[in-house]
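Here is what each chain is made of, one letter per residue.
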Amino acid sequence: MHTAKIDLTLKPTGRHLAFSKEMLEVAHVFRRVGGEASTWQRVAVNARSPFLDTDTFAPGTLLEYYVQHETQQGEPEARSHVVSTTVA
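1. Here we look at the packing of aromatic side chains
Here is step 1: Throughout the structure, instances matching the rule amount to two aromatic pairs.
Here is step 2: Seen in terms of ring centroids, Phe30 and Tyr66 are 4.8 Å apart; in terms of plane orientation they differ by 5 degrees. Their pairing is stacked. In this pair, Phe30 sits in strand E4 (residues 26–33) while Tyr66 sits in strand E7 (residues 62–70), placing the two residues 36 residues apart along the sequence.
Here is step 3: On the basis of relative accessible area, Phe30 is assigned to the buried category, the value being 15%.
Here is step 4: Judged by centre distance (4.8 Å) and plane angle (75 degrees), the ring pair of Trp40 and Tyr66 falls under edge-to-face. In this pair, Trp40 is assigned in the loop between E4 and strand E5 (41–44) and Tyr66 in strand E7, connecting sequence segments 26 residues apart.
Here is step 5: Each member of the aromatic cluster is reached from another via a ring pair, and the members are Phe30, Trp40 and Tyr66.
Here is step 6: For Arg79, the ring lying beneath its charged end belongs to Tyr66, and the centroid distance is 3.6 Å.

2. Focus: the side chain of Arg15
Here is step 1: Tracing the backbone shows Arg15 in strand E3 (residues 14–19).
Here is step 2: A distance of 3.1 Å separates the side chain of Arg15 from the side chain of Tyr65, its partner in a polar contact.
Here is step 3: Once residues within four sequence positions are removed from consideration, Arg15 is found in contact with Leu8, Thr9, Leu10, Phe51, Leu52, Asp53, Thr54, Asp55, Phe57, Leu63, Tyr65 and Thr85.

3. Describing the nonpolar core
Here is step 1: Grouped together as the largest cluster of nonpolar side chains are 13 residues, with contacts concentrated most on Ile6, Leu17, Phe19, Val29, Phe51, Tyr65 and Val67.
Here is step 2: Those elements that provide at least two residues to this core are E3, E4 and E7.
Here is step 3: The leading source of residues in this core is E7, at three residues.
Here is step 4: Each residue touching Phe51, except ones within four places of it in the same chain, is listed here: Arg15, His16, Leu17, Phe19, Val29, Val43 and Ala44.

4. Side note on the sheet that holds E3
Here is step 1: One open sheet holds the three strands; their spatial order is E2-E3-E6, and the pairing between them is antiparallel. Of all strands in the sheet, those with a lone pairing partner are strand E2 (6–11) and strand E6 (51–53), marking the two edges. Sheet twist, expressed as the mean angle between neighbouring strand axes with direction ignored, is 25 degrees.
Here is step 2: Examined bridge by bridge, E2 and E3 share six bridges and lie antiparallel to one another. Within the sheet, the bridge partner assigned to Leu10 lies in E3 and is Arg15.

Calculation notes
Residues numbered from 1 in each chain as written. Predicted model: local features only at pLDDT ≥ 70, side-chain atom pairs only at ≥ 80, totals over all residues. Heavy atoms only, no water. Phe/Tyr/Trp six-rings, centres within 6.5 Å; stacked < 30°, edge-to-face > 60°. Helix = DSSP H or I, 4+ residues; strand = E, 2+ residues; numbered from the N terminus. Buried < 20%, exposed > 50% of the residue type's maximum accessible area, 1.4 Å probe, protein only. Lys NZ or Arg CZ within 6 Å of the ring centre and 35° of its normal. Polar contact = N/O pair within 3.5 Å; in protein donor to acceptor, adjacent residues only side chain to side chain. Contact = heavy atoms within 4.5 Å. Core = buried A, V, L, I, M, F, W, Y, C linked by side-chain atoms within 4.5 Å. Pairing = 2+ DSSP bridges. Axes fitted to C-alpha atoms, helices over the stretch in contact; angles between N-to-C directions.

Structure representation (structure tokens):
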């Protein structure tokens, strides 16, 4: 499994995630709120890039994201590194 590319940019409207995606790949966006003690949740199914997370969180909240790529048959194909930010 290879590593997918992901970039996180903060926008006034939320967190902007840009990631690589081949034409036929399926990309799911996962988010973890609050660090390692928390569980990962899938926040977007078959997402398009860029994805904008507009959910609101309290200042100081740690947010982490990664993208999981799958084939059309549902087989894992690639996963991005984890990117993170703290809500201002």
